Amino acid sequence: MSTTTRRLTTAQALVRFLSAQYSERDGVRHRLIAGTWGIFGHGNVAGIGQALLEAGEDTMPFHQGRNEQSMVHAAVGYARQLNRLSAQAVTTSIGPGATNLVTGAALATINRLPVLLLPGDYFATRSADPLLQQLEHPVEADVSVNDTLRPVSRYFDRITRPEMLIPAALNAMRVLADPADTGAVTLALPQDVQAEAYDWPEEFFAERVWRVRRPAPDPLELAEAVRAIRAAERPLIVAGGGVHHSEAEAALKALADATGIPVASTQAGKGSLRHDHPADLGGIGHTGTAVSDDIARTADLVIGVGTRYTDFTTASNTLFQQPGVRFVNLNITAFDAHKLAARPLVADARTGLEALTEGLSGHRVDAAYEAEYRAGKARWEEVVEAAYRAEDSAVPTQTQVLGALDAVVGDDDVVINAAGSLPGDLHKLWRARGPRQYHLEYGYSCMGYEIPAGIGVQQAAPGTPVWSLVGDGTYLMMPTEIVTAVQEGLPVNLVLIQNHGYASIGGLSEEVGGERFGTAYRYRAADGTFSGAPLPVDLAANAASLGMDVIRAKTVRELRDALTAARASERPTCVYVETDPTPTAPPAEAWWDVPVAEVASRDAASSARERYDGHVADRCRHL
């Protein structure tokens, strides 16, 4: 081993180390940490900030954010667009800068998407104690606010001595590059340690390649899965986000083509097949299509591929109703593969699908079953057409906004959404043309994700038209990264839908007996409720004030023209539309369990509880 060393601060060493890390899958190499987002304060300006300045843009590109949570969202959008093969880091000061990371970290970990978090921390030496923004704990002096990141991180370490960085940094890269274990990774950096010098071994800065595995299925598990599929009369594939992360779309298509097994998709998995593939049934679960949910209720075998089986997918365990229904779960994590008492097939999605296709050679579902689901698919297409149809002179409804966008986008455009009523409408209605077109963050369903994620996607795929769809509630949560898009010259397109409140939760509130309490953006009326006139908030003017080009559209024709102009623009552009609130989305085809007050004096809640009790009776335990 060489004894050559290089004297650098801890922060300088970390930046140099990160610049030499690569991932590799299928012989294709990516920078593992492709850039660093940052907002500077006293907890990182003289450490990581100085190190980034000294390293320069060629060594570690720097991106200036406006909100710490937004920076994580941008990094997550970047990593998802690149199939988790490349990630970004986020540096913050101590105190509120660090705690602002928590929501973004939870989103990343829940969605199994890599991001490296580098929050500043209090002095390791305690030479200044208490410090500005320090949380003093009377009986646990080693606790800092950064400990809030522990439960939402896949790996966490606090670097209290420079030499601790070496094993911690290597472990951080291991987790970020591991498809079965990835998520948010946190290295808490006391601000004095960031600036402390150390003689680092040169080997620490050598180029490292972290190979992203494609583990093959165990032969016995594979044989059991093949036997189960061959024996099934009504099998159904549920495609989750793991199909995209593994770049397994072609393998899934090959299996569907060969066997005729239909494919329904979760929010994360939509686009695994093109919308016009004969076996693609669209979304599944509470926000799924009628054909997907009808087939799911009668399926005797459900084949999950890269899915976590959230309650939206299973309709809170009321969807899969066939007596004796069984599950085969192909997943790279054993934790997910064993859900619903399934036969596990622990493997990479693409490798596992290819093995299943080979093992099922010559097998095909009954022709009558194919005819049944294809007829259901055709009927649902008529529902989509009806929801999208609109007169040119009409004020558009929300689904007609999607219809106008559907007419404008190309196969490679990326449509981003995360929260509100739009995810349900998109899951039911959107015609996904490519594997990366449908970008829904629904693991955490985090309001404010869409705009910064659009920036991350644009960074990952320059030249790709990107559409961030937001309602007024989401926009007001986090519009700040518009400034970043303008600063970086990233032509993110923002479709801003004004409906004067939290429309999605308002509808849910009405269903569960909450009577839309606290969900409208209106003046307070004489009776104390928020039932007065709509607030005179001009969100289009706000977006313009932050540097965006803004196009206001009042009719369907104006909306199509505005979307076309935005797609052609080379600047960040906002298309603003106030929608007709008339419901035009098809109703939910499956239930979602939101507990209702068991005792109430108001009729709305009492009636909602009666409906709730009726649905609960359908809940299954799959054992």
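Residues numbered from 1 in each chain as written. Predicted model: local features only at pLDDT ≥ 70, side-chain atom pairs only at ≥ 80, totals over all residues. Heavy atoms only, no water.

S.K.: Is there a simple way to explain the sheet that holds strand 3 (residues 28-31) in this structure?
M.R.: Read from one edge to the other, the open sheet built from 3 strands follows the order 3-2-11, with strand pairing classed as mixed. With partners counted over all chains shown, the strands left at the sheet margins are strand 3 and strand 11 (208-211), one partner each. In this sheet, adjacent strand axes meet at a mean angle of 30° when their direction is disregarded. Sheet topology places strand 2 (residues 21-25) next to strand 3; 4 bridges connect them, and they run antiparallel. When the bridges of strand 3 are listed, S23 appears paired with H30. Running over the sheet, helix 1 (residues 10-19) touches strand 2, strand 3 and strand 11 and is turned about 25° from strand 2. (Pairing = 2+ DSSP bridges. Helix = DSSP H or I, 4+ residues; strand = E, 2+ residues; numbered from the N terminus. Axes fitted to C-alpha atoms, helices over the stretch in contact; angles between N-to-C directions. Contact = heavy atoms within 4.5 Å.)

S.K.: Sorry if this is basic, but what is going on with the layout of surface pockets here?
M.R.: Any empty space left between atoms is shown by rolling a water-sized probe over those atoms. The computed volume of the second largest pocket comes to approximately 760 Å³. Lining the second largest pocket are 48 residues, and of these R112, G241, A268, G306 and R308 lie nearest its centre. Residue assignment for the lining of the second largest pocket shows that the elements contributing at least two residues are helix 5 (101-110), helix 9 (241-245), helix 12 (311-314), strand 16 (326-331) and helix 13 (334-337). Looking at the lining of the second largest pocket element by element, the count peaks at 4 residues for helix 9. Tallied by class, the residues present in the lining of the second largest pocket amount to 16 nonpolar, 21 polar and 11 charged. (1 Å grid on protein atoms, 1.4 Å probe; cavity = no way out; pocket = protein on both sides within 12 Å on 5 of 7 lines; lining within 4 Å. Points joined across faces, edges and corners; volume = space filled by probe spheres on them. Nonpolar A, V, L, I, M, F, W, Y, C, P; charged D, E, K, R; others polar.)

S.K.: Help me out: how do you make sense of the side chain of H244 in this one?
M.R.: As for its placement among the helices and strands, H244 is situated in helix 9. Of the residues examined, H244 reaches a relative accessible area of 0% and is grouped as buried. Beyond its immediate sequence surroundings of up to four residues, H244 is in contact with N83, E249, A268, G269, K270, G271, S272, P435 and R436. (Buried < 20%, exposed > 50% of the residue type's maximum accessible area, 1.4 Å probe, protein only.)

S.K.: Quick question: what am I supposed to make of the sheet that holds strand 9 (residues 184-190) here?
M.R.: The pairing of strands in a sheet comes from backbone hydrogen bonds and takes either a parallel or an antiparallel form. Read from one edge to the other, the open sheet built from 6 strands follows the order 5-4-6-7-9-8, with strand pairing classed as parallel. Each edge of the open sheet is held by one strand with a lone partner, namely strand 5 (62-64) and strand 8 (155-158). Averaged over all neighbouring strand pairs, the angle between strand axes comes to 20°, with direction disregarded. Bridging between strand 4 (residues 33-38) and strand 5 involves 3 bridges; their strand directions are parallel. The residue of strand 5 that forms the bridge with W37 is H63.

S.K.: Looking at this model, I keep getting lost on the nonpolar core. Mind explaining?
M.R.: In summary, soluble globular proteins display a tendency toward joint burial of nonpolar side chains. Of all hydrophobic cores here, the largest spans 82 residues; its most connected members are W430, W467, L469 and L563. The element contributing the most residues to this core is helix 15 (residues 367-388), with 6 residues. Ranked by size, the runner-up nonpolar core spans 36 residues in total, among them L52, A55, A169 and L187. (Core = buried A, V, L, I, M, F, W, Y, C linked by side-chain atoms within 4.5 Å.)

S.K.: What am I meant to see in the pattern of salt bridges here?
M.R.: When their charged atoms lie close together, side chains carrying opposite charge are able to pair. Evaluation of the coordinates by the stated rule reveals 36 salt bridges. Here R29 ties to E24 by a salt bridge, and the two come within 3.5 Å at their closest N and O atoms. Of the charged contacts, one joins D26 and R350 as a salt bridge, the two residues approaching to 3.2 Å between their closest N and O atoms. Taken together, the residues span a long stretch of sequence, with D26 in the loop between strand 2 and strand 3 and R350 in helix 14 (residues 349-359) at a distance of 324 residues. You can call D26 partly exposed: its relative accessible area is 46%. (Salt bridge = Lys/Arg side-chain N within 4 Å of Asp/Glu carboxyl O.)

S.K.: How do you make sense of unusual backbone geometry when you look at a structure like this?
M.R.: Peptide bonds are trans in most cases, and residues, glycine excluded, mostly fall at negative phi. Note that the residue after D129, namely P130, is joined by a cis bond; omega there is 0°. Positive phi is not limited to glycine here, since N317 has a value of about 65°. Within the fold, N317 resides in the loop between helix 12 and strand 16. Accessibility expressed as a relative area gives 23% for N317, which makes it partly exposed. Positive phi values are uncommon outside glycine, yet L340 reaches one of about 60°. Inspection of the secondary structure assignment puts L340 in the loop between helix 13 and strand 17 (343-346).

S.K.: Would you take a moment to explain helix 17 (residues 422-429) for this structure?
M.R.: Because the α-helix completes a turn every 3.6 residues, residues three or four places apart line up on one side. Counting buried positions over the 8 residues of helix 17 gives 8, a clear majority of the element. Burial in helix 17 covers these residues: L422, P423, G424, D425, L426, H427, K428 and L429.

S.K.: Is there a simple way to think about the packing of helix 16 (residues 398-406) against helix 23 (residues 556-568) in this case?
M.R.: At a minimum axis separation of 9 Å, helix 16 and helix 23 run at an interaxial angle of 45°. In terms of their interaxial angle, helix 16 and helix 23 are classed as oblique. Helix 16 and helix 23 meet at a crossing whose hand is right-handed. Taken together, the residues of helix 23 that come into contact with helix 16 (itself represented by V401, A404 and L405) are L559, R560 and L563. Looking at the contact of helix 16 with helix 23 residue by residue, the classes come out as 5 nonpolar, no polar and 1 charged. (Parallel < 35°, antiparallel > 145°, perpendicular 65-115°, else oblique. Left-handed = near helix turned anticlockwise from the far one by under 90°.)

S.K.: In this structure, what is going on with the pairing of strand 20 (residues 466-471)? I would like to understand it.
M.R.: Looking along a regular strand, one sees the side chains alternate between the two faces of the sheet. With 6 of 6 residues buried, strand 20 is to be regarded as a mostly interior element. Of the two faces of strand 20, the one carrying V466, S468 and V470 and the one carrying W467, L469 and G471 are both buried. Sheet analysis places strand 18 (residues 414-417) next to strand 20, joined by 3 bridges and oriented parallel. Each bridged residue has a counterpart across the sheet, and for V415 the counterpart in strand 20 is W467. Across 5 bridges, the pairing between strand 20 and strand 21 (residues 493-498) is parallel. Note that in strand 21 the partner of G471 across the bridge is I497.

S.K.: Could you clarify how one ought to interpret the pairing of strand 6 (residues 87-92) in this entry?
M.R.: For strand 6, the tally of buried residues reaches 6 of 6 residues, placing the bulk of the element in the interior. Of the two faces of strand 6, the one lined by A87, A89 and T91 and the one lined by Q88, V90 and T92 are each fully buried. Pairing analysis gives 4 bridges linking strand 4 to strand 6, with the strands arranged parallel. Bridging from a neighbouring strand, T36 pairs with A89 of strand 6.

S.K.: Is there a simple way to think about the environment of A258 in this case?
M.R.: Within the secondary structure layout, A258 lies in helix 10 (residues 249-259). For A258, a relative accessible area of 39% puts it in the partly exposed group. When the C-alpha atoms of A258 and P179 are compared, they prove to be 28 Å apart, with 79 residues separating the residues in sequence. Other than its neighbours up to four places away in sequence, A258 contacts T357, H363 and R364.

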